[in-house]
Structures are given as C-alpha cells and as structure tokens.
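In case you want the letters, here they are:
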Amino acid sequence: EFDRIDRDPNARVLILTGSGRIFCSGGNIKRMTSQGRSLEPPDPTLREELYPQEADIRRVVLGLRRMSKPAIAAVNGPAIGSGLGIAAGCDIRIASSASRFGWVFVRRGIVPDDASLGLMPQIIGYSRAFEWGVTGRTIDAVAALKIGFVSEVVAPEELMPHCRTLAKEIV
C-alpha cells in the first residue's frame, strides 16, 4: 500500500489509524509461540532473504519511513508493542486522549523487531528511549506528549477531524 500511495499523484498525505478503539495492540506472542511458531515468518520471501532487516513487521515501519509523502499516525487507542513501532514509523503522531503507548518488548523477553529500536532515540532522545525500553512501561497520551513521542493530544471525537485539517494544511 505504501508503494501504491507513493506512486499515486493524487495522494499527498497518509493518515493511518486503527479500527474501533485500538490503534494496534501488536502481535499476540502467547498465541504465536503456543502454536509452535517463531516470531519470524518460517519461509522468508526473496526480498526478506536479500534484506533481512526488512522482515515481517519491519517492512511496515520501514515502508512508512521510506514514503516520499508525509504520514500522520492518528492514534485512536492503545499502541502497544509493534503498534508503537507503526506509530513511530509515521512522520507525525497525534494522539487521542484515550490512547496508551507501551514499548513492552522487554516484558516479553524480546528485542524490538519492528525497527522502533533505531527510531525511538531519534524521536524522543537516547535517555528517554533507553529508560522506556528497559522498563517496558505503558504510558498515557499526556505522558507521550510530555516526552515528545506525540505532538498533540485531542479528544477522541476530534482525532480524525483534527488530522484531516492537519493533512489539508500540509497539502
């Protein structure tokens, strides 16, 4: 989809949001491992073999970063694990006051595999990224604003209208 949007001369800005009340809750680690699956896809594509850093969820986050058009994350609810990585992949993050952010990989005993490990220090600075990464805390929208992960917090019903207004301003 990112490639299609990039090629579309009528598309000028991407607004990415979740369906319902959740932005993205990340992968279900318990379900994946209980089914005997590893956290990586078993049969990599040729592209994944040539570019192992772009396997699985990293493709989404890096695809957002590669786009030539701005991407706005309209974070409408919890952004946990790789959901946080997807938000980090966007150029601008606007949060609903109902959103929560959890960089919880350490609590699962895994390293962030979604490219957020490289992005977080760029977004919020090394010290804050380190602290968040080693504690695995979940924070609310106001705390995310305070550390600079999101640029604004708005009421849930205002999130999409606000993001559309911002997109029009960018265009």
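Residues numbered from 1 in each chain as written. Predicted model: local features only at pLDDT ≥ 70, side-chain atom pairs only at ≥ 80, totals over all residues. Heavy atoms only, no water.

What follows deals with the overall build of the protein chain. Each helix and strand counted, the protein chain has 9 helices and 7 strands in total. Buried positions account for 40% of the 171 residues belonging to the protein chain. Contacts in the protein chain between residues at least 24 apart in sequence constitute 67% of all its contacts with a sequence separation of at least 6. Total accessible area on the protein chain stands at roughly 9600 Å², and carbon and sulfur atoms take up 54% of it. (Helix = DSSP H or I, 4+ residues; strand = E, 2+ residues; numbered from the N terminus. Buried < 20%, exposed > 50% of the residue type's maximum accessible area, 1.4 Å probe, protein only. Contact = heavy atoms within 4.5 Å. Areas by Shrake-Rupley, 256 points an atom, 1.4 Å probe, with all protein chains shown as cover.)

Our focus in this paragraph is the packing of helix 6 (residues 116-124) against helix 7 (residues 126-135). Where helix 6 contacts helix 7, the axes come no closer than 7 Å and their chain directions differ by 135°. Classed by the angle they form, the pair helix 6 and helix 7 counts as oblique. When you trace helix 6 past helix 7, the crossing you get is right-handed. Facing helix 6, whose interface residues are M120, P121 and I124, helix 7 presents Y126, R128, A129 and W132. (Axes fitted to C-alpha atoms, helices over the stretch in contact; angles between N-to-C directions. Parallel < 35°, antiparallel > 145°, perpendicular 65-115°, else oblique. Left-handed = near helix turned anticlockwise from the far one by under 90°.)

With that settled, consider the pattern of salt bridges. Here the structure, examined in full by the defined rule, presents 3 salt bridges. Where E1 meets R4, a salt bridge forms, and the shortest distance between an N and an O atom there is 2.8 Å. The partly exposed category is assigned to R4, whose relative accessible area is 41%. Of the charged contacts in the structure, one is a salt bridge between R65 and D91, with a shortest N-O distance of 3.9 Å. (Salt bridge = Lys/Arg side-chain N within 4 Å of Asp/Glu carboxyl O.)

With that out of the way, let us pick up a nonpolar patch on the surface. On the surface, Y126, F130 and V134 cluster together into a nonpolar patch covering about 350 Å² of accessible area. Counting through the fold element by element, Y126 comes out in helix 7. With a relative accessible area of 59%, Y126 lands in the exposed category. (Patch = residues over 30% accessible without salt bridge, like charges linked within 9 Å, V, L, I, M, F, W, Y side chains within 5 Å.)

With 33 residues, the main nonpolar core has F101, M120, W132 and F149 as its most contacted residues. For this core, the secondary structure elements donating two or more residues are helix 1 (2-7), helix 4 (57-66), strand 2 (71-75), helix 5 (82-89), helix 6, helix 7 and helix 8 (141-146). Top element by residues in this core is helix 5. It accounts for 4 residues. When neighbours within four sequence positions are excluded, M120 is seen to be in contact with L84, A88, W103, G125, A129, W132 and F149. Membership of the second largest hydrophobic core comes to 9 residues, among which are V13, A74, I94 and C163. (Core = buried A, V, L, I, M, F, W, Y, C linked by side-chain atoms within 4.5 Å.)

The buried count for strand 4 (residues 92-96) comes to 4 of 5 residues, which makes it a mostly enclosed element. Bridge count for strand 2 against strand 4 is 4 bridges, and the pairing is parallel. Each residue of the ladder has a partner; that of I72, found in strand 4, is I92. Two elements, strand 4 and strand 7 (residues 152-154), share 3 bridges in a ladder whose sense is parallel. By the bridge assignment for strand 7, A95 is matched with V153. (Pairing = 2+ DSSP bridges.)

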